[in-house]
Amino acid sequence: MVTSLQLNDKQSQAIKSKSDTTLFIGGIGCGKSFALGVDLLILSHLTSGSLGLVIAPSYDVIRYATLPAIEEAFEVLGIRENEDYVVNKKPPREWGVDSFSSLNNNRIITFRNGSFAILETAENYNKHRGAQYDYELCDELRDFREDAVKVLMGRLRGTAFKNNGIKHRFKAYTTPFDNPNDFKELRQNSLVIKSTTFDNEHNLPSGYIDLQKSQLDEKTYK
C-alpha cells in the first residue's frame, strides 16, 4: 500500500472521524466519492470478517459514480483487483476466504482479509431490515428518503466490530441538501464536515472551477 496519498484537509477529517455518525457535505469536485473509497478500505480492514454496506440512491449512481470512485481510490492506494479484492464473484481459492454467498456474489466486494462490503441502493430500503452491518457508507445522502436512514441506522450492529470493541459507524458523503430542513435531526446529532470545490482545487483539471462558475446559477455556485 502506498503512503504518499495527498488528501485535502476536509477529506482527512471525514476519513479519520470516529464519531458514531459523520456527514461530509461538499460541493461538486471536492473529492467526496474518492474519500468514501479510502474510508471503505480503512473500515474494511479494521478487523477481518467485517460486513459493511455501501449504499447510493440508485443503481446508476453505484455503477457510474460510486464504484468507479472506489476503484480509483483503491488503485491510488496500490490495492489491485483480483489480487487484493474481487467484485461480483467468488474469491480465489488460494485466499482461503469463504464466498459471501454460495448462490450469488453480485454487488459484493470481497477483500483478501475476509471482509465484505455490499453495494446496494436506497430505493428499496426495507430489504435491509434484519441485516447487521459493522459500518455504513452512504453516497449522495441528499437523494435518500429520511425513513431509509432511520432503517439503516437500526442495522448498525455487526458482530465483527462488536466482538473486537470497534465502534459501529454511519458515514455519508453528499452534495448539499436542497432544503435546509432535510435530515435536520441527523445533522444535529452528527459530526458535520463542510467542504467546497476549492478545497480540492489541486486535484481538479485546470479551469474546472471557472467552467462551473460559467455554467451554474449564482446560488448553486455559491
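Shown above is the structure to which this text applies.
The rules behind these values
Residues numbered from 1 in each chain as written. Predicted model: local features only at pLDDT ≥ 70, side-chain atom pairs only at ≥ 80, totals over all residues. Heavy atoms only, no water. Helix = DSSP H or I, 4+ residues; strand = E, 2+ residues; numbered from the N terminus. Buried < 20%, exposed > 50% of the residue type's maximum accessible area, 1.4 Å probe, protein only. Contact = heavy atoms within 4.5 Å. Areas by Shrake-Rupley, 256 points an atom, 1.4 Å probe, with all protein chains shown as cover. Core = buried A, V, L, I, M, F, W, Y, C linked by side-chain atoms within 4.5 Å. Expected span 1.5 Å × (residues − 1). Bend = angle between axes of the 7 residues up to and from the residue. Pairing = 2+ DSSP bridges. Axes fitted to C-alpha atoms, helices over the stretch in contact; angles between N-to-C directions. Left-handed = near helix turned anticlockwise from the far one by under 90°. Salt bridge = Lys/Arg side-chain N within 4 Å of Asp/Glu carboxyl O.

Engineer: Before we go on, may I ask you to explain the overall build of the protein in this structure?
Structural biologist: When helices and strands are tallied, the protein shows 8 helices and 8 strands. Considering the protein as a whole, with its 222 residues, one finds that 49% of them fall into the buried category. For the protein, long-range pairs separated by at least 24 residues make up 68% of all intrachain contacts whose partners lie at least 6 apart in sequence. Put simply, the protein shows about 11,800 Å² of open surface, and 45% of that area lies on carbon and sulfur atoms.

Engineer: In this structure, what is going on with the nonpolar core? I would like to understand it.
Structural biologist: Soluble, globular proteins show a tendency: their nonpolar side chains are buried together. Judged by nonpolar contacts, the single largest core of 31 residues is most densely connected at Leu40, Val54, Phe74, Ile109, Phe111, Leu137 and Tyr173. For this core, the secondary structure elements donating two or more residues are helix H1 (9–16), helix H2 (32–44), strand S2 (51–56), helix H3 (59–76), strand S3 (85–87), strand S4 (108–111), strand S5 (116–121) and strand S6 (135–139). Considering each element in turn, this core owes the most residues, 7 residues, to H2. Excluding its chain neighbours within four sequence positions, the residues that come into contact with Phe111 are Leu40, Leu41, Ser44, His45, Phe74, Asp84, Tyr85, Trp95, Val97, Phe116 and Ala117.

Engineer: I would appreciate a short explanation of the environment of Ile193 in the present structure.
Structural biologist: Among the secondary structure elements, Ile193 is positioned in strand S8 (residues 191–195). Sequence separation of Ile193 and Gly26 is 167 residues, and the distance between their C-alpha atoms is 8.2 Å. When residues no more than four places from it in sequence are discounted, the contact partners of Ile193 are Lys10, Gln13, Ala14, Thr22, Leu23, Phe24 and Ile25.

Engineer: Sorry, what's going on with H3 here?
Structural biologist: With 18 residues, H3 should cover 26 Å at 1.5 Å per step; its first-to-last C-alpha distance of 24 Å lies within 8% of that length. Most pronounced at Thr66, the bend in H3 amounts to some 35°, and the proline Pro68 follows within four residues. Of the residues making up H3, those classed as buried are Ile62, Thr66, Leu67, Ala69, Ile70, Ala73 and Phe74. Where H3 is buried, its residues meet H2, S2, S3, S4, S5 and S6. Looking one or two places after H3, you find Gly78, whose phi comes out positive at around 85°.

Engineer: In this structure, what is going on with the sheet that holds S8? I would like to understand it.
Structural biologist: Either a parallel or an antiparallel arrangement is found when strands of a sheet pair, and the pairing is made through backbone hydrogen bonds. Strand order across the open sheet formed by 8 strands is S3-S4-S5-S2-S6-S7-S1-S8, with mixed pairing between neighbours. The sheet is open, and its two borders are formed by S3 and S8, each paired with just one other strand. Across this sheet, the average inter-strand angle for adjacent strands is 15°, counted without regard to direction. In this sheet, S8 lies alongside strand S1 (residues 21–26) in parallel orientation, the contact comprising 5 bridges. By the bridge assignment for S8, Phe24 is matched with Ile193. With respect to the sheet, H1 is in contact with S1, strand S7 (169–174) and S8, its orientation differing from that of S8 by roughly 160°.

Engineer: I keep staring at the packing of H2 against H3 and nothing clicks. Help me out?
Structural biologist: In helix packing, the relevant descriptors are the interaxial angle and the interaxial distance, both defined with respect to the helix axes. Running from N to C, H2 and H3 point in directions that differ by 60°, and their axes come no closer than 8 Å. Read as a crossing pair, H2 and H3 show a hand that is right-handed. On H3, the residues touching Ser33, Phe34, Leu36, Gly37, Val38, Leu40 and Leu41 of H2 are Thr66, Ala69, Ile70, Glu72, Ala73, Phe74 and Val76.

Engineer: How should I be thinking about the pattern of salt bridges in this particular structure?
Structural biologist: Between side chains of opposite charge, pairing is possible as soon as their charged atoms come close. Counted under the stated rule, the structure contains 7 salt bridges. One salt bridge in this structure joins Asp20 and Lys167, with 3.7 Å as the shortest N-O distance. Of the two residues, Asp20 is situated in the loop between H1 and S1 and Lys167 in the loop between helix H5 (159–163) and S7; the sequence distance between them amounts to 147 residues. Residue Asp143 pairs with Arg142 through a salt bridge whose shortest N-O separation is 3.6 Å. The partly exposed category is assigned to Asp143, whose relative accessible area is 48%. Among the charged side chains, a salt-bridge network with shared partners connects Arg107, Glu120 and Lys127.

Engineer: It is not clear to me how the pairing of S1 should be interpreted in this structure. Could you clarify?
Structural biologist: For S1, the tally of buried residues reaches 6 of 6 residues, placing the bulk of the element in the interior. Side-chain alternation along S1 places Thr21, Leu23 and Ile25 on one buried face and Thr22, Phe24 and Gly26 on a second face that is also buried. Where S1 meets S7, 5 bridges bridge the pair, whose relative direction is parallel. In the sheet register, Phe24 faces S7, and the bridge partner there is Tyr173.

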